[in-house]
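Given next are the chains, with one letter for each unit.
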Amino acid sequence: MNSSELYKSNARIRIKMVEAIPESIVSKTVIKKSSGNTSILTLDQGDNELVKISAFDTLVQILEGSAEVIIEGMSTILKAGQMMILPAHIQNSIKANGNLRMISTMLS
């Protein structure tokens, strides 16, 4: 097991797994495999914005707060309890509207 991953077969409170740091992006890998990975992230409101192009589709699930997700210039607001699949090979960005906690699952 990768030392940055969580131990298997242990119950977790997902919202408490990653503590927010003001004006920062914090990420914790839940599991990482050759077929994809899952991380929990916090983003603080402000200049923090995730901008990337991924080789794989990415499932984003909002746990707490809300985020503006922009894919090819189209903006969507996601709130707690909502999710979206970000398509592979297309630039996307995620910007927090306040304190944001989310799960990101990249699938190959």
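Residues numbered from 1 in each chain as written. Predicted model: local features only at pLDDT ≥ 70, side-chain atom pairs only at ≥ 80, totals over all residues. Heavy atoms only, no water.

Trainee: Looking at this structure, I do not really get the side chain of Thr-105. What am I missing?
Mentor: Here Thr-105 is to be found in strand S9 (residues 100-107). In this structure Thr-105 comes out as buried when scored by relative accessible area, which is 15%. There is a polar contact of 3.3 Å between the side chain of Thr-105 and the side chain of Thr-38. Among residues more than four places away in sequence, those in contact with Thr-105 are Asn-37, Thr-38, Asp-57, Thr-58, Leu-59 and Gln-61. (Helix = DSSP H or I, 4+ residues; strand = E, 2+ residues; numbered from the N terminus. Buried < 20%, exposed > 50% of the residue type's maximum accessible area, 1.4 Å probe, protein only. Polar contact = N/O pair within 3.5 Å; in protein donor to acceptor, adjacent residues only side chain to side chain. Contact = heavy atoms within 4.5 Å.)

Trainee: Just to check I follow, could you spell out the pattern of salt bridges for this structure?
Mentor: Any two side chains of opposite charge can pair if their charged atoms end up close together. As enumerated under the stated definition, the model contains 1 salt bridge in all. When the shortest N-O distance is used, the salt bridge between Arg-101 and Glu-64 registers 3.1 Å. Remark: Glu-64 occurs in strand S4 (residues 57-64) and Arg-101 occurs in strand S9; sequence separation between them is 37 residues. Judged by relative accessible area, Glu-64 falls into the partly exposed class, the value being 31%. (Salt bridge = Lys/Arg side-chain N within 4 Å of Asp/Glu carboxyl O.)

Trainee: How do you make sense of the environment of Asp-44 when you look at a structure like this?
Mentor: Along the chain, Asp-44 falls in the loop between strand S2 (36-43) and strand S3 (49-52). The spacing of Asp-44 and Ile-25 is 19 residues in sequence and 6.7 Å in space, taken between C-alpha atoms. Setting aside residues up to four positions removed in sequence, Asp-44 forms contacts with Ile-21, Pro-22, Glu-23, Ser-24, Ala-96, Gly-98 and Asn-99.

Trainee: How should I be thinking about the sheet that holds S9 in this particular structure?
Mentor: Hydrogen bonding along the main chain pairs the strands of a sheet, whether they run parallel or antiparallel. Read across the open sheet, the 5 strands follow the order S1-S2-S9-S4-S7; overall the sheet is antiparallel. The open sheet has two free edges, formed respectively by strand S1 (25-33) and strand S7 (83-86), since each of these has just one partner strand. Across the sheet, the axes of successive neighbouring strands diverge by a mean angle of 20°, strand direction being ignored. Sheet topology note: the S4/S7 ladder contains 4 bridges and is antiparallel. By the bridge assignment for S7, Thr-58 is matched with Leu-86. (Pairing = 2+ DSSP bridges. Axes fitted to C-alpha atoms, helices over the stretch in contact; angles between N-to-C directions.)

Nothing here speaks to function; it is geometry throughout.
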